[in-house]
Structures are given as structure tokens and as C-alpha cells.
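As a plain string of letters, each chain reads:
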Amino acid sequence: MTKNVNAAINEINDISRQLLSRILSVLKKIEKKTEQSSPHASHENTDEITENELSALMSQRQKLINNLFNHYSQQELSNESDLLNQMSALDKKLSTSSQTCKQALANQIIRLKKRDQVTQSYQKY
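What you see is a predicted model; the values in this text were computed from it and never measured.

Regarding its fold elements, the chain presents four helices and zero strands. Sequence-ordered secondary structure for the chain, helices as α and strands as β, is α-α-α-α. The long-range share in the chain, meaning contacts at least 24 apart out of those at least 6 apart in sequence, stands at 87%. Within the structure as shown, the chain displays about 9,000 Å² of accessible surface, and the carbon and sulfur contribution to it stands at 50%.

This next bit is on the pattern of salt bridges. Scanning the entire structure with this criterion turns up three salt bridges. Between Asp-14 and Arg-17 there is a salt bridge, with its nearest N and O atoms 3.0 Å apart. With Asp-14 and Arg-17 both in helix 1 (residues 2–35) and three residues apart, the pair spans about one turn of that helix. Residue Asp-91 pairs with Arg-61 through a salt bridge whose shortest N-O separation is 2.9 Å. Of this pair, Asp-91 sits in helix 4 (residues 81–123) while Arg-61 is found in helix 2 (residues 44–71), placing the two residues 30 residues apart along the sequence.

Here Ser-16 shows up in helix 1. On a C-alpha basis, the gap between Ser-16 and Leu-94 in space is 7.6 Å, while along the polypeptide they are 78 residues apart. Those residues in contact with Ser-16, other than ones at most four positions away along the chain, are Arg-61, Leu-90 and Leu-94.

Summary statistics for the chain give a mean pLDDT of 85 and a share of 85% for residues scoring 70 or more. Across the chain, helix 3 (residues 74–78) holds the top mean pLDDT of 92, while helix 2 sits lowest at 86.

What follows covers the side chain of Gln-108. Within the element layout of this structure, Gln-108 appears in helix 4. Residue Gln-108 is classed as buried on the basis of its relative accessible area of 13%. Each residue touching Gln-108, except ones within four places of it in the same chain, is listed here: Ile-30, Lys-33 and Thr-34.

With that settled, consider the side chain of Ser-97. Inspection of the secondary structure puts Ser-97 in helix 4. Ser-97 gets classed as buried once you look at its relative accessible area, which sits at 12%.

Over its 43 residues, helix 4 runs 63 Å from end to end, which matches the ideal 63 Å to within 8%, given 1.5 Å per residue. What helix 4 keeps buried is the set Leu-83, Leu-84, Met-87, Leu-90, Leu-94, Ser-97, Cys-101, Ala-104 and Gln-108.

Next up on the list: the environment of Lys-102. Tracing the sequence through the fold places Lys-102 in helix 4. It is 8.9 Å that separates the C-alpha atoms of Lys-102 and Leu-27, two residues lying 75 residues apart in sequence.

Cut-offs used in this document
- Along each chain, residues carry numbers from 1 onward, in the same order as the chain's sequence is written.
- Selection of residues for local features in this predicted model requires a pLDDT of at least 70, selection of side-chain atom pairs for listing and counting requires 80 or more, and totals for whole chains, interfaces and linings are taken over all residues.
- Derived side-chain values reflect all non-hydrogen atoms in the structure, with water molecules and hydrogen atoms excluded from consideration.
- For the purposes of this entry, the term helix denotes a DSSP run of H or I that reaches at least four residues, the term strand denotes a run of E that reaches at least two, and both are numbered from the N terminus.
- In what follows, a contact means two residues having at least one pair of non-hydrogen atoms within 4.5 Å.
- Using the Shrake-Rupley algorithm and a 1.4 Å probe, accessible areas are obtained, with residue cover drawn only from the displayed protein chains.
- We define a salt bridge as a contact between a side-chain nitrogen of Lys or Arg and a carboxyl oxygen of Asp or Glu at a distance within 4 Å.
- pLDDT expresses, on a scale from 0 to 100, how confident the predictor is about each individual residue.
- Each residue is assigned to one of three classes by its accessible area relative to the maximum for its type, calculated with a 1.4 Å probe on protein chains only: buried under 20%, partly exposed between the two thresholds, exposed over 50%.
- Expected span of a helix, by definition, is 1.5 Å for each gap between consecutive residues, and there is one gap fewer than residues.

Structure (C-alpha cells):
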């Protein structure tokens, strides 16, 4: 049974790494768009694909985590403490990266709103 626990945790960790990679990729895209003077409409398709990928990976990861804790006993899980610690560390990285991404998106929205306000004020004259 230990191999099954081991395989289950490794699968969760692999998906967590994929998710982390995608989140960091989105963060880089946001930073590039922020550096540019205007956002490009051609990126909308890839943004949708990335969003769908992120959603799919998150739901798959959540299901695997739920299955892990529902199907294996505490004793079986404690035998794999190194992998569980790795899973926990990846979870912390995911949380931190998600917060950073969320903040970058919020900052981008604020900049866009300010640009719109400036444009509207110039149009009045």
C-alpha cells in the first residue's frame, strides 16, 4: 500500500509543480503587459487557454488531495512524511505565487483605470 501512497503524493506534487510553472508564466505575461504602453488583443486567446489550464490543474490537484486523505490512513501517510513535507512546501509556493499574481493583476487594473480617466479628461477639452 505504501507504493500507492507514494505514487499518489508524487502525482499531487507533479501537478503542483505544473500549476506553479503556469502561475509564474502568467505572472511574467502580466509584467510584460505592464511594461508595454498598451495591452495587445492578440494575447486574449492564449490568456483563455492559460486560464482553462489553471482551472483544470487546480481542480485535478484538489481531487487528488481529497482522495489522498480520504483513502489512506494517518499511519500510511506518516510513512511518507518527506513527500508530504514537499507537498506542503509546494503548497506554500503556490499560495505565495498566487497572491503575487493577484496583486499584479490588481495593479494592472488600477493602471488601466487611471489611463481611462486621463483619456476621458483629455476628451472633454
